[in-house]
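Structural features, examined
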Amino acid sequence: MMSETAQFYETFPFPSPDIESSLINEIAEEIPLIRSNPDLSGLRVLEAGCGTGHYLVGMALRYPKASFLGVDLSNQSLAVARRLAQRHGANNIEFLKASIPELALSIEYDLITCIGVLHHLPDPRAGLRALADHLAPKGHMLLWFYHSLGEHGRMLDRELVLLLTSGEDVRSGMDTVRALGLRHSLARYGYPWEGWTEAGFSPVEQEARDADAYLNPIVRPFRFAELPALFEGSGLDWVALHRVYSSTGIRLPDLDGVAPEVPGALSVEDLFADETLRSRLRRMSRAQQTLALELRLRPTGFALVAGRPGGLPDCLPRIRHNLLLG
Ligand SMILES: C[S@@+](CC[C@H](N)C(=O)[O-])C[C@H]1O[C@@H](n2cnc3c(N)ncnc32)[C@H](O)[C@@H]1O
């Protein structure tokens, strides 16, 4: 039987059912902020939960000499993604319908990206383990999650929408979203960044985002202190904080201040102007520092980079110094 999540994404493919929607180049642009060698030529990339492929096709066009696999459990999303790849002539992508926890491929991947997916799984740990099983020893994993602090209000709005829609057809949920005057905004995550903004979203793109925000059957945001339990037994040896999203902007944590030249770099010192507070923060453990960071910024989302020991030396110093685990 089809899971509730699969049914949901059959009705509301994300981020857009429209192959005329702009590609999203964000992951493609993040690679040089993570890897010391940003050239992916000859490498294998798995995009787990690729949805309608607007990120994936952007990445595949940017790295034409890498090969890509897009996996998703929604037929409708994959159908859009295939047409999108064709429309843009991205012939270095294959697609596979599969559920992440049951993924059983004979190939290991040099890069696995999983953006906004694991927090929609009934068991995010099982999903993470399955992805880790497919990561090459020197590979990198890029993961994106909702953060509980900044998403608290939206989670309550979603709960109200689901309560008022209970027993109704999922499509009628959109009427409830409209009746409550809810509209999801990218500004919550600090956009525009590199010019990407919802100003140009068509009604169908906005609907896909509103549905994803308020009608999703499973959403499980995280706080940083919950990450050890999430990664325990995953087979990943280290986890680094890469980006933090909030209504005040997208920041690139640089906890030890080793890469001040990176646009949006945020050292722990930058959290407070007051020198006494800064010096207290300097003496704290990494867990306390990241707790201070989330309490100060109240993020809506965050991105992590993770891997096995062989992958860490190939990361830029900012990532190597941002270890939360390992
Ligand atoms: C919020 S969308 C993110 C899509 C894409 N990563 C992006 O950021 O644009 C979540 C996606 O995860 C997919 N998904 C959810 N559970 C999954 C599972 N168990 N296995 C594979 N894909 C899954 C959904 O079908 C949906 O396309």
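Summarised in this report is the structure supplied together with it. (Residues numbered from 1 in each chain as written. Predicted model: local features only at pLDDT ≥ 70, side-chain atom pairs only at ≥ 80, totals over all residues. Heavy atoms only, no water.)

With respect to the overall build of the protein
Note the cut-off: Numbering of helices and strands runs from the N terminus, with a helix taken as a DSSP run of H or I at least four residues long and a strand as a DSSP run of E at least two residues long. Here the globule rule reads 2.2 Å times residues to the power 0.38, and the radius of gyration is calculated from C-alpha atoms. Categorising residues by exposure relies on relative accessible area from a 1.4 Å probe, with only protein chains included: less than 20% of the type maximum marks a residue as buried, more than 50% marks it as exposed, and the intermediate range marks it as partly exposed. In this description, contact between two residues means that some pair of their heavy atoms is separated by no more than 4.5 Å. By the counting scheme adopted, Arg and Lys are positive, Glu and Asp are negative, and His together with the chain ends is not counted. A single reference atom marks each charge: NZ on Lys, CZ on Arg, CG on Asp, CD on Glu.
Of regular secondary structure, the protein possesses 12 helices and 10 strands. Radius of gyration (C-alpha) of the protein: 19 Å, near the 20 Å computed for a compact globule of 326 residues. Counting only C-alpha atoms and orienting by the principal axes, one finds that the protein spans roughly 55 × 45 × 35 Å. In the protein, buried positions account for 56% of the 326 residues. Put simply, of all contacts in the protein between residues at least 6 apart along the chain, 79% involve residues at least 24 apart. Distance from the positive charge centre (32 side chains) to the negative charge centre (40 side chains) of the protein: 4 Å.

Brief notes about a nonpolar patch on the surface
As a reminder, the rule being used: Patch criteria: residues need more than 30% relative accessible area and no salt bridge. Like-charged residues are merged within 9 Å; nonpolar side chains of Val, Leu, Ile, Met, Phe, Trp and Tyr are merged within 5 Å. Surface accessibility follows the Shrake-Rupley procedure with a 1.4 Å probe radius. Residue values consider only the protein chains on display as shielding. Basic side-chain nitrogens of Lys or Arg form a salt bridge, by our definition, when they fall within 4 Å of a carboxyl oxygen of Asp or Glu.
The grouping of Leu160, Leu163, Leu164 and Leu180 at the surface amounts to a nonpolar patch, some 370 Å² of accessible area in total. Within the secondary structure, Leu160 sits in helix H6 (residues 148-165). What makes Leu160 partly exposed here is its relative accessible area of 37%.

A few points about the nonpolar core
Rule in force here: Residues belong to a common nonpolar core when they are buried Ala, Val, Leu, Ile, Met, Phe, Trp, Tyr or Cys residues joined through side-chain atoms within 4.5 Å.
Leu40, Met59, Tyr63, Phe68, Ile93, Phe95 and Trp238 are the most contacted members of the largest nonpolar core, which totals 53 residues. Among the nonpolar cores identified, the runner-up in size contains 43 residues, and Leu69, Leu121, Met141 and Leu241 belong to it.

A closer look at the packing of H6 against helix H7 (residues 172-179)
To keep it simple, the criterion reads: Geometry is summarised by axes, namely lines fitted to C-alpha atoms with helices restricted to the contacting stretch, and by angles between N-to-C directions that run from 0 to 180 degrees. Orientation is classified from the angle alone, with under 35 degrees giving roughly parallel, over 145 giving roughly antiparallel, 65 to 115 giving roughly perpendicular, and any other angle giving oblique. Crossing handedness is read from the near helix: turned anticlockwise from the far helix by less than a right angle, it gives a left-handed crossing, and turned clockwise, a right-handed one. Throughout, the ten residues Ala, Val, Leu, Ile, Met, Phe, Trp, Tyr, Cys and Pro are labelled nonpolar, Asp, Glu, Lys and Arg are labelled charged, and all others, Gly among them, are labelled polar.
Relative to each other, H6 and H7 sit at 125°, their axes nearing to 9 Å. When the axes of H6 and H7 are compared, the pair comes out oblique. The two elements H6 and H7 cross, and the hand of that crossing is right-handed. Between H6, through Val161, Leu164 and Thr165, and H7, the contact on the second element is made entirely by Ser172, Gly173, Thr176 and Val177. Taken together, the residues that form the contact of H6 with H7 break down as three nonpolar, four polar and no charged.

Overview of the environment of His88
Mapped onto the elements of the fold, His88 is located in the loop between helix H4 (75-87) and strand S3 (93-97). Distance in space between the C-alpha atoms of His88 and Gly139 is 27 Å, their sequence separation being 51 residues. Sequence-distant contacts of His88, that is, excluding residues within four places in its chain, are made with Ile19, Leu23, Val57 and Leu61.

Focus: the packing of H7 against helix H8 (residues 203-214)
Between H7 and H8, whose axes approach to 10 Å, the crossing angle comes to 90°. Between H7 and H8, the angle is such that the two are roughly perpendicular. Contact with H7, carried on its side by Met174, Val177 and Arg178, involves Glu207, Asp210, Ala211 and Tyr214 of H8 and no other residues of that element. Across the contact of H7 with H8, the residue classes break down as four nonpolar, no polar and three charged.

Let's talk about the pattern of salt bridges
Summed over all chains, the structure comprises 16 salt bridges. Residue Glu207 pairs with Arg171 through a salt bridge whose shortest N-O separation is 3.6 Å. Residue Glu207 is found in helix H8, and its partner Arg171 is found in the loop between H6 and H7; the two are separated by 36 residues along the sequence. Note that Glu275 is salt-bridged to Arg282, the shortest N-O span being 2.8 Å. For Arg282, a relative accessible area of 40% translates into the label partly exposed. Salt bridges sharing common partners tie together Glu269, Glu275, Arg278 and Arg282.

Remarks on the site of the ligand
Stated precisely, the cut-off is as follows: For this description, a residue counts as near a given molecule or strand if any of its non-hydrogen atoms is within 4 Å of it. In protein, a polar contact requires one atom able to donate a hydrogen and another able to accept it; more generally it is a pair of N or O atoms within 3.5 Å, and residues adjacent in sequence count only if both atoms are side-chain atoms.
Neighbouring the ligand are 21 residues; Gly49, Asp72, Ser99, Ile100 and Ile115 lie closest to it. The contact in question runs from a nitrogen atom of the ligand to an N or O atom on the side chain of Ser99, over 3.1 Å. Between a nitrogen atom of the ligand and a main-chain N or O atom of Ile100, the distance comes to 2.9 Å. With the chains in place, 97% of the 590 Å² that the ligand exposes on its own is no longer accessible. By residue class, the composition of the shell around the ligand is 12 nonpolar, seven polar and two charged.

With respect to the packing of aromatic side chains
Counted only if it meets this: Only the six-membered ring of Trp is used, alongside the rings of Phe and Tyr, when aromatic pairs are assigned; centres must lie within 6.5 Å, and planes under 30 degrees apart are stacked while those over 60 apart are edge-to-face, with the rest tilted. Whether a charge lies above a ring is judged from NZ of Lys or CZ of Arg, which has to be within 6 Å of the ring centre and within 35 degrees of the ring normal.
What the rule picks out here adds up to 10 aromatic pairs. When the ring of Tyr146 is compared with that of Tyr189, the centres are 6.5 Å apart and the planes differ by 40°; the resulting orientation is tilted. Taken as a pair, Tyr146 in strand S5 (residues 135-146) and Tyr189 in the loop between H7 and H8 lie far apart in primary sequence, 43 residues in all. Judged by its relative accessible area of 4%, Tyr189 falls in the buried class. Ring pairing ties together the aromatic residues Trp144, Tyr146, Tyr189, Tyr191 and Tyr245, which thus form one cluster. Lying across the ring of Tyr146, Arg154 places its NZ or CZ 4.5 Å from the centre.

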